[in-house]
Amino acid sequence: MTTVDPNFTADADREARRARLFTRINAADKWFGVLGLAWVTPILRAAAGDNPRAQMKEIWRLLIVPVLAILAFLMLWGTMAPRVQTSLGAVPGPAQVWEETVNLHNDALAKATKQAKFEQMVEARNQKLIDAGRADEVKVVAYTGAPSYYQQIWTSIKTVFFGFLIATAVAVPLGIAAGLSPAANAAINPLVQIFKPVSPLAWLPIVTMIVSAVYATNDGFFSKSFLISAITVTLCSLWPTLINTALGVASIDKDLVNVSKVLKMNTWTKITKLVLPSALPLIFTGLRLSLGVGWMVLIAAEMLAQNPGLGKFVWDEFQNGSSSSLAKIMVAVFTIGIIGFLLDRVMYALQSLFTFTNQR
């Protein structure tokens with residue numbers, strides 16, 4: 001039997017292409033959400049002709065309202081800032097902060113060029129010595145110039161990730177033990193309640209003295225300042241992961257536990273095949289909280305201990321007291337906030353890759 005409509009095949013192909021397009025949009029939607037770009041989905045759907053009025057409401061809610069809120073904040077900031085006088089002059093507005101952002105960028109480029117030139121000079125000198133048969137006189141000379149703003153950012157990111165990885169390596173096994181064993185939970189819980197509220201400012205002098213006593217060498221793989229900041233981050237950031245891991249493990253469906261007993265799983269198999277997959281959502285929630293806490297702790301530790309990084313940059317500018325110092329500090333504040341947001345997005349992306357929900 002054949003259809004009498006000559007356009008039937010063309011219409012069917014068109015609908016099939018449209019269905020495939022919406023399938024791709026829906027598949028990309030979860031990743032837009034992970035990246036903080038949820039507003040892209042309604043734009044794509046509206047462009048594809050999917051109920052433009054409903055999609056405009058979503059665009060208004062997800063994109064236009066946040067943009068208007070940011071613009072209102074910038075206008076209020078620009079209006080009120082000149083009226084507040086400090087010891088360093090008036091509070092800088094958005095224009096002054098942006099100007100210092102550009103200046104820091106240009107300064108970073110200039111310092112990178114200067115460092116590259118220095119390294120080329122050292123390499124040329126060493127090559128001349130090698131060509132002259134005096135290879136024993138070759139020396140590796142480290143560049144001792146002031147770090148650029150980007151280098152200080154990178155130092156802080158490396159430090160927080162190192163401390164966070166140590167915290168994860170400690171917190172997850174302890175959390176699994178506390179979740180599986182009431183006795184282990186009874187032993188660990190008092191320590192969590194005592195040490196969880198301790199400020200990084202209290203941990204920092206203890207860590208500094210211990211690292212200085214134990215890590216006496218100056219030629220180690222890690223610098224003392226790096227270890228002090230990283231261990232302080234570890235001590236303050238492991239608690240959310242430990243608590244959430246224990247809660248996730250303790251909340252596993254009892255039927256699954258009974259199945260593991262029926263199958264006579266050994267402890268390792270039970271943990272890897274049953275406990276971790278079931279507890280991963282809460283574990284990742286703890287990891288996201290720990291990374292956020294660690295980032296905040298790191299900035300405070302760098303400021304107090306004068307360790308390299310963004311915290312030291314803020315403190316140095318405060319001590320500098322120049323007319324541009326306050327604007328530079330505000331650039332650092334926005335940098336800290338943006339990096340904190342990006343770190344959370346990274347952990348959320350990992351959570352989306354390794355965990356499953358009712359929608360996925």
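(A) The pattern of salt bridges, seen in detail. Summed over all chains, the structure comprises 5 salt bridges. Across the pair aspartate 107 and lysine 111 runs a salt bridge whose closest N-O atoms are separated by 3.3 Å. Of this pair, aspartate 107 and lysine 111 both sit in helix α4 (residues 94-131), 4 residues apart, roughly one helical turn. Residue aspartate 107 is classed as partly exposed on the basis of its relative accessible area of 32%. Judged by relative accessible area, which is 24%, lysine 111 ranks as partly exposed. Aspartate 344 serves as the salt-bridge partner of arginine 288, at 3.0 Å between the closest nitrogen and oxygen. One end of the pair, arginine 288, is in helix α10 (residues 267-305); the other, aspartate 344, is in helix α12 (residues 325-354), and 56 residues separate them in sequence.

(B) A look at the packing of aromatic side chains. Counted according to the given criterion, the structure contains 8 aromatic pairs. Taken together, a centroid distance of 5.8 Å and an interplanar angle of 40° make the contact between phenylalanine 73 and tryptophan 77 tilted. Within this pair, phenylalanine 73 and its partner tryptophan 77 are both found in helix α3 (residues 52-80), separated by 4 residues, close to a single helical turn. The class for phenylalanine 73 is partly exposed, based on a relative accessible area of 44%. Judged by its relative accessible area of 12%, tryptophan 77 falls in the buried class.

(C) Layout of the side chain of glutamate 317. With respect to the element layout, glutamate 317 can be found in helix α11 (residues 310-320). We note that glutamate 317 is buried and unpaired, the nearest opposite charge coming from lysine 328 at a distance of 4.2 Å. Setting aside its immediate chain neighbours within four residues, glutamate 317 contacts Ser325, Lys328 and Ile329.

(D) Highlighting α3. With 29 residues, α3 should reach 42 Å at 1.5 Å per residue; the first-to-last C-alpha distance of 39 Å fits that figure. In the structure, α3 departs most strongly from a straight axis at tryptophan 60, where the bend amounts to approximately 40°. When α3 is considered as a whole, its buried residues turn out to be Gln55, Ile59 and Trp77. For α3, the secondary structure elements touched by its buried residues are α2 (40-47), α4 and α12.

(E) Here's a closer look at the packing of helix α8 (residues 224-250) against α10. Direction vectors running N to C along α8 and α10 enclose 155°, while the axes themselves pass 7 Å from each other. Between α8 and α10, the angle falls in the class roughly antiparallel. In terms of crossing hand, the pair formed by α8 and α10 is right-handed. Its residues assigned to classes, the contact of α8 with α10 comprises 16 nonpolar, 11 polar and 1 charged.

Definitions and limits used
- Residues numbered from 1 in each chain as written.
- Predicted model: local features only at pLDDT ≥ 70, side-chain atom pairs only at ≥ 80, totals over all residues.
- Heavy atoms only, no water.
- Salt bridge = Lys/Arg side-chain N within 4 Å of Asp/Glu carboxyl O.
- Helix = DSSP H or I, 4+ residues; strand = E, 2+ residues; numbered from the N terminus.
- Buried < 20%, exposed > 50% of the residue type's maximum accessible area, 1.4 Å probe, protein only.
- Phe/Tyr/Trp six-rings, centres within 6.5 Å; stacked < 30°, edge-to-face > 60°.
- Lys, Arg positive; Asp, Glu negative; His and termini not counted.
- Contact = heavy atoms within 4.5 Å.
- Expected span 1.5 Å × (residues − 1).
- Bend = angle between axes of the 7 residues up to and from the residue.
- Axes fitted to C-alpha atoms, helices over the stretch in contact; angles between N-to-C directions.
- Parallel < 35°, antiparallel > 145°, perpendicular 65-115°, else oblique.
- Left-handed = near helix turned anticlockwise from the far one by under 90°.
- Nonpolar A, V, L, I, M, F, W, Y, C, P; charged D, E, K, R; others polar.

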